[in-house]
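One letter stands for each residue in the lines below.
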Amino acid sequence: MDRRRASQLLAGYRQFLLGRPTLSSHEQSISGSYSKLNTWRPCCMFRVSVGTPQASNYLNLGKTYATKQRSFGSAATDIPRNPAFSKLNADDISYFRTILGERNVVEDEDRLSAANVDWMRKYQGSSKLLLLPKSSQEVSKILHHCNSRKLAVVPQGGNTGLVGGSVPVHDEVIINLALMDKIISLDKINGILVCEAGCILENLSSFLENEGFIMPLDLGAKGSCQIGGNISTNAGGLRFVRYGSLHGTILGLEVVLANGTILDMLGTLRKDNTGYDLKHLFIGSEGSLGIVTKVSVLTPPKLMSTNLAFLACKEFTSCQKLLLEAKRALGEVLSAFEFMDSHSMDLVLSHLDGVRSPLSSSLYNFYILIETTGSDETYDKTKLEAFLLRSMEEGLILDGVVAQDINQSSSFWRIREGIAEASVKVGAVYKYDLSLPIDQFYGIVEEMRNRLGEAATVVGYGHLGDGNLHLNIMTTRYDSDILAQIEPYVYEWTSKHKGSISAEHGLGLMKANKIHYSKSPETVQLMVDIKKLWWLSINFKANEVLTKKSQKVVVKEAAAVTRAYY
Amino acid sequence: MKVMVAVKRVVDYAVKIRVKPDKSGVETSNVKMSMNPFCEIALEEALRIREAGAAAEVVAVSVGPAQCVDTLRTALAMGADRAVHVDVGAAPVLPLSVAKILKALVQVEQPGLLILGKQAIDDDCNQTGQMVAGLLRWPQGTFASKVVLDKEKQEATVEREVDGGIETLSLDLPAVITTDLRLNQPRYATLPNIMKAKSKVIKKVTPADLNVELKPDLEVVQVTEPPKRKAGVIVSSVDELIDKLKNEAHIL
């Protein structure tokens, strides 16, 4: 396939990826500080991230959007507004009012301005309407109406995503699931939790802890992000190394498709090999295929003993060896393996209050956080200490500290989780979330430091246990010159080393047209084809008789989805 | 000079405690336990005194069940030179009993300074330090927010946080000091110290060895949770407010 065709396809893919709000809320500041940051937010309900769909509306038309207003941002994602999408009118609004009631149809400017901007303040939409459905039926009616009226919509949850996927590109109707926050049931023997997609992750965690379980994922944004959004972005987080991806822990979903069809795949069974397991398409598709409304999660039992060690290493190769050793020596009790460089430590110490470095000297280059979770405290502690002392004797660790109580553990985590928050305080942050092979892991950070020199502060940190690097480049203000130095170099470098340009944050608006750095043209073509077929199938019943002429029209409209914009 | 520090193993400060269904006490099984925060501060102060050269040895002491050994290991990992564990079995001990045991230990070890946390976060008694000082007839400086030791004159200048402000006392050693929150920030247990701690000694004694008879004078009758805070009510008019204040709150 030639480059031109490939880029056409990519542009097409980008089209239907736009306006899907779903964000992975990793690397977010912890909820308290997060809400402090957004003092302009009148209502915290908009802080939740939800990934949902609306693509079909998008798909219906193959036109181009008017230029999106963007405060600052990453690379050229100026998408003109697609004129095929209709504009909202008073009839639509009154129809929504009849479905949702007066209070949940929001046109108030303050609340809209909050919902129109993302957490990073990089992307700003111009939506004029925010809807707050309380049930899947309401979501279904909204989508059915929007589909028939060709109104673009954007699903939104905690709005904590980092790639601009949770806010409108233009004037899409925002469908925020914050009011769908009921916990439906918990199977206390197997730990299977069924809840609505608008439940905030931290609330679910607190509920589960009382019952002796925990959520299989944990991220800095837990105070604001919603589980629906976590699913739509296939969030990773801090416990990934132990509990794995959401593809493994989500047992079922209820999804509302673009035409209002409620797809009930809300199974609560561990094993169900009956046909294609479609829920995996929705997990991580960032809302481009449907709005997740209910979730069934397999929650692991809460284990009593947690131990946390904060360690210092001199070279990155020591960190790599330590990872291998940790996996061998700690085995089944290892529950987190995080890393940060000395620049991140300096950043956190200088910008956050009440934070002190656990290690007295500042001569170290890399810091590692190792957490173990098990059922026997003494046993785990002995295991961890033996491993750490051995590593120290082998020279892998220069120094380290083991937390003696929960307060100390929280303060260690505060340092690691606070990097994102501290980054934002510097001024402008360019954030990159890369999956890289372990031996190339830190190379990009050093490269960027060389490239940018004094112009920017470059920090690298992340989930070393999962091979996921977070690269933050900070300057005092957003600047297109700096941006030109960073992109597309970062993506090219990642692609050259066969990494992923978005390990857990998703593509969103920021990276939709960068997909080719990590996926082959054939793969993207298949995604586009699936999207096309999907649209066709939900808009035309199987037994509908299509005349030859109408068939052609249908195929043409479907193809229009993938037409390039330029 | 030796400094003796008494530490207590309590429910971790950050844990949400629950009352046992039979109301006999707080649920402590399957709950994270750690060193009392005030005891950590006491130990830190003792270590700083040793590092400043005013003392030669820091001995950590704990009175409690077998698991107290974990707390003593933490103390050794922070830097204490050796530890003594007084094993009293699973029954809870009250401050007076602890004070009697500490008095016996002091008579054995002969420290120049006994430092304790001002109170334990599980019973909030704030009694042990004062009782020990009384039993030993030693001077006491409680709620210390600053301690300065003068080795030659063998006296300690203690600034105490009291309700009216800060009171400064000068105590002749040997003395008892209990520590308050703002005295210092405890150090973390570093790996090199954890490694050294493995070779440090924890001596085990029983109350019988010290000739102390533990006879509880108090019996806990019942432990209940505080009443749940009721939600506030939004009133819609001033009249309604006055009505509520008159008839429901009986304030007007």
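Chain B goes by Electron transfer flavoprotein subunit beta in an unreviewed UniProt entry, where it is assigned to Ensete ventricosum. UniProt, in its Subunit (unreviewed entry) section for chain B, records the words "Heterodimer of an alpha and a beta subunit." Looking at the Subcellular location (unreviewed entry) heading of the UniProt record, one finds this comment for chain B: "Mitochondrion matrix".

Chain A is annotated in an unreviewed UniProt entry as D-2-hydroxyglutarate dehydrogenase from Ensete ventricosum. Its UniProt record gives chain A a comment under Cofactor (unreviewed entry), which states: "FAD".

A word on the nonpolar core. Residue and element names in this part refer to chain A. Counting residues in hydrophobic clusters, the biggest one holds 64 residues, and the most contacted among them are I368, I370, Y432, L471 and I473. It is helix α12 (residues 316-330) that provides the largest number of residues to this core, a total of 6 residues. Not counting the four nearest positions on each side in its chain, I473 is found in contact with A428, V429, Y430, Y432, M448, L452, A456, T457, V458 and I486. In terms of nonpolar packing, the next biggest core, distinct from the first, is built from 49 residues, M215, L257, M265 and W534 among them.

A separate point is the interface of chain B and chain A. Contacts between the two partners involve 22 residues from chain B and, on the opposite side, 26 residues from chain A. Of all residues in chain B, B:K32, B:Y188 and B:L191 give up the largest surface area on contact with chain A, accounting jointly for 36% of the area buried on that side. On the surface where chain B and chain A come into contact, there are 2 salt bridges. Of the charged contacts, one joins A:E377 and B:K32 as a salt bridge, the two residues approaching to 3.0 Å between their closest N and O atoms. Ranked by the residues each element gives to the side of chain B that touches chain A, the list is headed by helix α5 (residues 191-197) of chain B, at 4 residues. By residue class, the composition of the side of chain B that touches chain A is 10 nonpolar, 5 polar and 7 charged. Pairing of strand β13 (residues 399-402) of chain A with strand β11 (residues 189-190) of chain B involves 2 bridges; the strand directions are antiparallel. Paired with A:V401 across the two strands is B:T190, which belongs to β11(B).

Under the UniProt annotation, "domain: Electron transfer flavoprotein alpha/beta-subunit N-terminal" (unreviewed entry) lies at residues 23-214 of chain B. End-to-end, the C-alpha atoms of residues 23-214 of chain B are 24 Å apart, and along that stretch the chain is 30% helix and 31% strand.

Before going further, it helps to spend a moment on the sheet that holds strand β9 (residues 165-172) of chain B. Hydrogen bonds between backbone groups are what pair the strands of a sheet, and the pairing can be parallel or antiparallel. Residue and element names in this part refer to chain B. Read from one edge to the other, the open sheet built from 9 strands follows the order β9-β8-β7-β10-β6-β1-β4-β5-β12, with strand pairing classed as mixed. Lying at the two open borders of the sheet, with one neighbouring strand each, are β9 and β12 (202-205). Put simply, the sheet's adjacent strands are angled 30° from each other on average, direction ignored. Where strand β4 (residues 57-64) lies against strand β5 (residues 82-87), 6 bridges are found, and the strand directions are parallel. Opposite G64, over in β5, you have D87 as the bridge partner.

Time to look at the pattern of salt bridges. Taken as a whole, this structure holds 37 salt bridges over all chains when the rule is applied. The residue B:E109 makes a salt bridge to B:K2 at a minimum N-O spacing of 3.0 Å. A residue pair is termed long-range when its members are at least 10 positions apart, and B:E109 in helix α3 (residues 95-109) and B:K2 in strand β1 (residues 2-7) qualify at 107 residues. Comparing B:E109 with B:K2, the two get one shared label, buried. A salt bridge links B:R187 to B:E51, with the nearest nitrogen and oxygen atoms 2.7 Å apart. With a gap of 136 residues between them, B:R187 in the loop between β10 (175-179) and β11 and B:E51 in helix α1 (residues 37-51) connect regions that are remote in the sequence. Where salt bridges share partners, they join A:D218, A:K222, A:R239 and A:E417 into one cluster.

Attention now moves to the environment of A:K498. Relative to the elements of secondary structure, A:K498 occurs in the loop between α19 (489-496) and α20 (521-539). Sequence separation between A:K498 and A:T382 is 116 residues; the distance between their C-alpha atoms is 39 Å.

Let us now look at the pairing of β1(B). Residues and elements named next belong to chain B. Most of β1 is tucked away, with 6 of its 6 residues classed as buried. Side chains K2, M4 and A6 project from β1 onto one buried face, and the interleaved V3, V5 and V7 project onto a second face that is buried too. The pairing of β1 with β4 spans 6 bridges and is parallel. Its bridge partner being in β4, V7 is matched across the sheet by S62. Strand direction decides the pairing type here: β1 and strand β6 (residues 113-117), joined by 4 bridges, are parallel.

Reading guide: rules and limits
Residues numbered from 1 in each chain as written. Chains lettered and ligands numbered in written order. Predicted model: local features only at pLDDT ≥ 70, side-chain atom pairs only at ≥ 80, totals over all residues. Heavy atoms only, no water. UniProt positions renumbered as here; feature names shortened; annotations may be inferred. Core = buried A, V, L, I, M, F, W, Y, C linked by side-chain atoms within 4.5 Å. Buried < 20%, exposed > 50% of the residue type's maximum accessible area, 1.4 Å probe, protein only. Helix = DSSP H or I, 4+ residues; strand = E, 2+ residues; numbered from the N terminus. Contact = heavy atoms within 4.5 Å. Buried area = accessible area lost by both parts, 1.4 Å probe. Salt bridge = Lys/Arg side-chain N within 4 Å of Asp/Glu carboxyl O. Nonpolar A, V, L, I, M, F, W, Y, C, P; charged D, E, K, R; others polar. Pairing = 2+ DSSP bridges. Axes fitted to C-alpha atoms, helices over the stretch in contact; angles between N-to-C directions.

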